[in-house]
Amino acid sequence: MKVDLHIDSKLDVERADFWLRQMTTRMTAIIAQLNQEQEALWCYQDDQVKPVAYRDIIVLRTVGSQIQITTADNRYYYSARMAKLAAQLPAQFIESARGTMINYQKIDHLELLGNGKIDVLMVNQERVQMARRKIKNLKEKLGL
Amino acid sequence: MKRIVKKAVYGVQTGVVLGLVISLIFNYLAGAKRYYPSSPQFSTRFATSLDAVLVSVILWAVMGLVFSLGAVIFGVEDWSLFKRTVVNFFIYYLGFTPLAILAGWFPVTPAYLISFTVIFMIIYVLMWVINVAIVRHQIDKINRRLKRG
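It should be emphasised that the depicted structure is a prediction, and the values quoted were computed from it without experimental measurement.

1. Focus on the interface of chain B and chain A
Size of an interface: often given as the accessible area lost when the parts come together. With 14 residues of chain B at the contact, the number on the chain A side is 18 residues. Looking at which element gives the most residues to the side of chain B that touches chain A, the answer is helix H5 (residues 110–148) of chain B, with nine residues. Grouping the amino acids of the side of chain B that touches chain A by side-chain chemistry returns six nonpolar, four polar and four charged.

2. Observations concerning the UniProt feature "transmembrane region" (unreviewed entry) in chain B
Residue and element names in this part refer to chain B. With numbering aligned to this structure, UniProt lists the feature "transmembrane region" (unreviewed entry) at residues 12–32, 52–74, 86–106 and 112–135. As annotated, residues 12–32 has a helix share of 86% and a strand share of 0%, and its two end C-alpha atoms lie 27 Å apart. Each end of residues 112–135 is marked by a C-alpha atom, and these two atoms are 34 Å apart; helix forms 100% of the span and strand 0%.

3. Concerning the sheet that holds strand E9 (residues 118–122) of chain A
Residue and element names in this part refer to chain A. Strand order across the open sheet formed by three strands is E8-E9-E10, with antiparallel pairing between neighbours. The open sheet has two edge strands, strand E8 (107–112) and strand E10 (127–130), and neither has a second partner. Averaged over neighbouring strand pairs, the angle between their axes works out to 30° when direction is ignored. Inspection of the sheet shows E8 paired to E9 by five bridges, in the antiparallel sense.

Calculation rules
Residues numbered from 1 in each chain as written. Chains lettered and ligands numbered in written order. Predicted model: local features only at pLDDT ≥ 70, side-chain atom pairs only at ≥ 80, totals over all residues. Contact = placed C-beta atoms within 7 Å. Helix = DSSP H or I, 4+ residues; strand = E, 2+ residues; numbered from the N terminus. Nonpolar A, V, L, I, M, F, W, Y, C, P; charged D, E, K, R; others polar. UniProt positions renumbered as here; feature names shortened; annotations may be inferred. Pairing = 2+ DSSP bridges. Axes fitted to C-alpha atoms, helices over the stretch in contact; angles between N-to-C directions.

Next comes the structure, spelled out in structure tokens:
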């Protein structure tokens, strides 16, 4: 890979442009590191790579070998293992069950079902299961 | 794995502490002049009282282990709550009953075994109901907080 670096102390906004034949795991990790300040996750939608602001993400769910990312209006995909992605997500994301992370700021309410399971209703009406032992994490986030 | 080891250690500690506290209470209630870790008949099985205490401590530790590790079943998210409850009940009952017999808590007769089983079931159901009430209370608290924004 050819790398061009331009240092200019008078720059208003720092940016990085990547010209790639295809997205790879290595590039995803590099972009993730750069993104930590940018508050967005670079995800796939159809054949395009788009930035999805963390604040817009409602649910992240493992689907096969990918992670499905749901916002209010769209669905995106991210190629990585959930454990790896979870480590870089900001603090508003908590694990609700195995393979599922939710943005606790996008929760509408919780429901205790007749079969003893706990459903989390998100602001987009999506239902997500919450394991009982994960309730403690949510309470901590809410300051309870 | 780390979580299970932590649970196991916690279970052993809790079992020993509870066993000691409960045995002390029973000793005082019976007006004992010396310490019996269990019934006097249990202690007569051993050459020294020290051996009786050591075996009791081991049994209390294993009881704690049964209850702490048995609860891991409720973490199996693919099972229905009913299945988890039934499996958990049998783990507790089949794990705890032999230990209680070994610890000399009751004679091994059908009448005592039946009354032990009935008491065990009542306590299990009670604990289950209390647990559901706690979860419901937690959910209500969370929902009130979410509504406040």
